[in-house]
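The primary structure of each chain is shown beneath.
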Amino acid sequence: MPNDPSGEDARGVPSSRPEDRRLSVGQYFVGGLQHLLTMYAGLITPPLIIGTAAGLDASETAVMIAATTLLAGLATLLQTLGPPRLRLGSQLPIVVGATFVPVGAMESIAADGGLPTVFGASLAAGLFALAVTPFFGSLVRFFPPIVTGTIVTVIGLSLFPVAIGWIVDGGEGGTPANADLALGLGTLALVLALNRVPGVLGRFAILIGLTAGTAVAAALGRTDFSRVLDGPVFALPEPFHYGPPAFDPAAVVTMCIVMLVVLTEGTANIMGVGAVVGARIDRRRISDGIRASALSSTLAPVLNTFPVSSFAQNIGLVAMTRVRSRFVVAWAGGLLVALGLFPVLGRLVAAIPMPVLGGAGLVLFGTVAASGVKTIAEADLTDQLNLVLVGASLAAGLTPMLFPHFYEGLPGWAATVLHSGIVGASAVAIGLNLLFTLGRGRRGPQSSAAGGEVPGGGAEGEPAGASAAPPASAPSARPEGG
C-alpha cells in the first residue's frame, strides 16, 4: 500500500516521519471517512446523555449534537495540523471529540443546576487545564514501555463494554435481539475476513463492513432513514445557545478534578498513538498535544458542547490499516466540521445501526488492547517486579469496569476520579515504576527507557522528526483487525 514501511509517500518521496507521509486525495477522503464512522456513535453519546438529563427536547438536543460534531472537527484539525511554533497540536493522527470521562459529573450537574451551570463549570475547568498543561509534558519519563503498554491495554479492554453495549442496543436484561446479534456478529465476521484480503479491500475493511452491515439492516427493516431530512440542512453555531454560563463553586471544583483525569487520559492516548505510529514522543510533543485539547475544551462550552480528548478507538484503526499519516485524520476533522455545519449529514451517519457499529468496534478495541500487549512484551517479563507492576495495574484498571459501583462509598470527587480505570491503571503503573526504580538504586524495572524514551518514541527533548522505531502495534495490520 502507499503508506508502507519503506518510508515513501504516495508520490515516492522519502518522508522523515511516518505521520507526515502524503497520500492521494482519494485515500485521504476514504480513510478520513473510515475514521469518522468509527467514532461517530461515541461522539454523539455524551450530548444525548446530558441533553436527556437537562430535559431537552429533540430539536434542542440536535443543536447540541451539531455543536459537538463541529467542535470535534475543529479540535481534530488543531491536533493534527497545529503549527509547532504556536505549541498547539501533537501533529499525530489523533481524532479528538467529546470525552466520556466527565459525563457522569456533568449529568449530575445538569440535573441540579441546568446546562448553564454545566457550561460554566466546563469553561472554568478548561482554563484550569490550559494553566497546568506545561507540567504534563514532564510525565514522559514516567512512561517506559512496561507502563505505556499496560495503560494502552487497559484503554482497549475498557472499550469492550462500549462495543457490547452497541450490539445489545437496549435489549431487555442485556440480551440483544437475535437480529441485532446477527448484525453485530455478521459485521465482525466480514471485517475479519476482509483483513485477509490484500489491497484496497483489506485497508478499508471497517468502512466496507459498516456499509454492508447497514445495507443488510435496511433490508431487514432494522434501521430508519425517514428522519434524515427532519430539521435544518445547514446551521451555524450560536454561542451560549442555552444561556450565559453560571459558575457554581462545587461544580467548578468537580470539573477541574475531572479535567485532570481527562489530561491524564489524553497523555496516555498520545503515548499510545506514538507507539502505534512509530513516532518519537518527547515532553514538548505531549504538552503541545494536550494544550490543543485543553484549548478546545475551553472553547467547547462557548459552542454549547463539552470537554474533549483523543478517541482511543481510532488508535485501533491506525494500527489495523497501517495508514499512519496525520493528514488522513485531518480529513476526518474536515468531514466532522461539515457534519457540524450540515446537520442533515450527521443525521445520515447516525442512521447506521448500533449493532453494526458494535461488531466493528469489537475488532477495533481488541486491536488497541493487542497493541498494548505487544508494547508490554518489549519489557523483561522474566523480571518479577515487571510482572507485579502489570498485574496490579490491570487489577486497578479493570475494577471499575467489572464493578461500576465499587467506589461509590468514597467522597464524590474521589469516586469520580477512580471511576476511570485508565486513571487508576496509570496511577498504579507510574507509582510502582517509581517505587521499584528507587528500590533498585535508580535502575528501575528493566523495561524503563533511559532519558525518558518511550515505546515508538525518542528520548525526551529529541527532535520529533528523528528517525522512528518500528511501530509497537499490530505486527501485520490487516490480520490484527479493523
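Residues numbered from 1 in each chain as written. Predicted model: local features only at pLDDT ≥ 70, side-chain atom pairs only at ≥ 80, totals over all residues. Heavy atoms only, no water.

### Considering the overall build of the protein
For the record, the criterion: Under the scheme used here, helices are H or I runs from DSSP no shorter than 4 residues and strands are E runs no shorter than 2 residues, and both carry numbers assigned from the N terminus. Three labels apply to residues, based on accessible area from a 1.4 Å probe with only protein chains included: buried if under 20% of the type maximum, exposed if over 50%, partly exposed otherwise in between. Surface exposure here means Shrake-Rupley accessible area, sampled with a 1.4 Å probe, where a residue is shielded only by the protein chains that are shown.
Of the regular secondary structure elements, the protein holds 18 helices and 2 strands. A burial count over the protein gives 56% of its 482 residues as buried. Element-wise, carbon and sulfur atoms account for 67% of the exposed surface of the protein, whose accessible area totals about 18300 Å².

### Notes on a nonpolar patch on the surface
Threshold: For patch detection, residues must exceed 30% relative accessible area and be free of salt bridges, and they are connected within 9 Å for like charges or within 5 Å for nonpolar side chains (Val, Leu, Ile, Met, Phe, Trp, Tyr). Only one rule defines a salt bridge in this text: a Lys or Arg side-chain nitrogen within 4 Å of an Asp or Glu carboxyl oxygen.
A cluster of nonpolar side chains, namely Val233, Phe234, Leu236, Phe342 and Leu345, defines an oily patch on the protein surface of about 470 Å² accessible area. Following the sequence through the fold, Leu345 ends up in helix α13 (residues 343–349).

### Examining the environment of Ala67
Let me state the cut-off plainly: Two residues qualify as a contact provided that any one of their heavy atoms is within 4.5 Å of a heavy atom in the partner residue.
Among the secondary structure elements, Ala67 is positioned in helix α2 (residues 58–81). Owing to a relative accessible area of 6%, Ala67 belongs among the buried residues under this scheme. With 276 residues separating them in the primary sequence, Ala67 and Pro343 have C-alpha atoms 9.5 Å apart. Apart from residues lying up to four places away in sequence, Ala67 is in contact with Leu303, Asn304 and Thr305.

### Examining the pattern of salt bridges
Throughout the structure, instances matching the rule amount to 8 salt bridges. A salt bridge links Asp288 to Arg87; the nearest nitrogen and oxygen atoms lie 2.5 Å apart. One end of the pair, Asp288, is in helix α10 (residues 283–299); the other, Arg87, is in the loop between α2 and β1 (96–98), with 201 residues separating them in the sequence. Residue Arg87 is classed as partly exposed on the basis of its relative accessible area, which comes to 28%. Of the charged contacts, one joins Asp288 and Arg291 as a salt bridge, the two residues approaching to 3.2 Å between their closest N and O atoms. Placement of both Asp288 and Arg291 in helix α10 is noted, with a separation of 3 residues, approximately one turn of the helix.

### Some points on the packing of aromatic side chains
Basically, it comes down to this: Note on ring pairs: Phe, Tyr and Trp rings are taken, using the six-membered ring of Trp, and paired if centres are within 6.5 Å. Classes follow the plane angle, with under 30 degrees stacked, over 60 edge-to-face and the rest tilted.
Applying the stated criterion across every chain yields a total of 6 aromatic pairs. Ring geometry for Tyr28 and Trp331: centres 5.9 Å apart, planes at 20°, overall stacked. With Tyr28 in helix α1 (residues 25–53) and Trp331 in helix α12 (residues 326–341), the pair connects residues that are 303 residues apart, well separated along the chain. Its relative accessible area of 9% is what places Tyr28 among the buried residues. Trp331 gets classed as partly exposed once you look at its relative accessible area, which sits at 32%.

### A closer look at the environment of Thr264
Within the element layout of this structure, Thr264 appears in helix α9 (residues 249–277). Considering only alpha carbons, one finds Thr264 and Ile290, 26 residues apart in sequence, at a separation of 9.1 Å. In this structure, Thr264 is in contact with Phe136 and Ser426, ignoring residues within four places of it in sequence.

### Some points on helix α8 (residues 205–219)
Here is the rule: Working rule for helices: expected span equals 1.5 Å times residues minus one.
Compared with an ideal rise of 1.5 Å per residue, which puts 15 residues at 21 Å, α8 spans 21 Å between its outermost C-alpha atoms and is within 8% of the ideal. Those residues of α8 not exposed but buried are Ala205, Ile206, Leu207, Gly209, Leu210, Gly213, Thr214 and Ala217. On its buried face, α8 is in contact with α1, α6 (178–194), α7 (200–203), α11 (312–321) and α14 (354–376).

### Focus on α12
The end-to-end C-alpha separation of α12 is 23 Å, in line with the 22 Å expected for 16 residues at 1.5 Å each. Most of α12 sits inside the fold, with 12 of its 16 residues counted as buried. In the core, the buried residues of α12 are packed alongside α1, α2 and α13.

### Brief notes about the packing of α2 against α10
Test applied: Here an angle of 0 to 180 degrees is reported between the N-to-C directions of two axes, which are lines fitted to C-alpha atoms, with helices fitted over the stretch in contact. Oblique is the label for any angle not under 35 degrees, not over 145, and not in the 65 to 115 range, which are roughly parallel, roughly antiparallel and roughly perpendicular in turn. When the near helix sits turned anticlockwise from the far one by under a right angle, the crossing is termed left-handed; a clockwise turn instead gives a right-handed crossing. Three classes are used, and their members are as follows: Ala, Val, Leu, Ile, Met, Phe, Trp, Tyr, Cys and Pro are nonpolar, Asp, Glu, Lys and Arg are charged, and the others, Gly among them, are polar.
Contact geometry of α2 with α10 gives a least axis separation of 9 Å together with a crossing angle of 155°. By the angle between their directions, the pair α2 and α10 is classed as roughly antiparallel. By crossing handedness, the relation of α2 to α10 is classed as right-handed. Within the contact between the two elements, α2 uses Leu71, Ala75, Leu78 and Gln79 and α10 uses Gly289, Ala292, Ser293, Leu295, Ser296 and Leu299. Each residue belonging to the contact of α2 with α10 can be placed in one class, and the counts come to 6 nonpolar, 4 polar and no charged.

### Let's talk about the packing of α2 against α12
At a minimum axis distance of 7 Å, the contact between α2 and α12 shows a crossing angle of 155°. Judged by the angle between their axes, α2 and α12 are roughly antiparallel. The crossing of α2 and α12 is left-handed. Contact residues: α2 offers Ala66, Thr69, Leu70, Ala72, Gly73, Leu74, Thr76, Leu77, Thr80 and Leu81, while α12 offers Arg326, Phe327, Val329, Ala330, Gly333, Gly334, Leu336, Val337, Leu339, Gly340 and Leu341. Split into classes, the residues belonging to the contact of α2 with α12 amount to 13 nonpolar, 7 polar and 1 charged.

### Some words on unusual backbone geometry
Of note, the phi angle at Asp169 is positive, near 50°, even though the residue is not glycine. Position of Asp169 among the secondary structure elements: in the loop between α5 (145–168) and α6. Here the phi dihedral of Asn304 falls at roughly 75°; this positive angle occurs in a residue that is not glycine. Structurally, Asn304 can be placed in the loop between α10 and β2 (308–310). A residue is classified by how much of its surface remains accessible, and Asn304, at 2% relative accessible area, is buried.

### Points about the nonpolar core
Note that soluble globular proteins tend to have their nonpolar side chains buried in a common cluster. Here is the rule we go by: The term nonpolar core refers to a set of buried residues drawn from Ala, Val, Leu, Ile, Met, Phe, Trp, Tyr and Cys, joined through side-chain atoms within 4.5 Å.
Counting residues in hydrophobic clusters, the biggest one holds 112 residues, and the most contacted among them are Leu36, Tyr40, Leu43, Ile155 and Ile206. With 15 residues, α9 is the single largest residue contributor to this core. Those residues in contact with Leu36 that lie beyond four places of it in its chain are Ala332, Leu335, Leu336, Leu339 and Val349.

### Regarding the confidence of the model for the protein
When pLDDT drops low, the exact placement of atoms in the prediction is not to be read closely. Test applied: The predictor attaches a confidence to each residue, called pLDDT, with possible values from 0 through 100.
Mean pLDDT over the protein: 83, with 87% of residues reaching 70 or higher. Counting contacts from residues 1–14, a segment whose pLDDT is below 50, to residues more than four positions away or on other chains yields 36 contacts. A low-confidence stretch, residues 447–482 (pLDDT under 50), is modelled with 119 contacts involving residues beyond four sequence positions or located in other chains.

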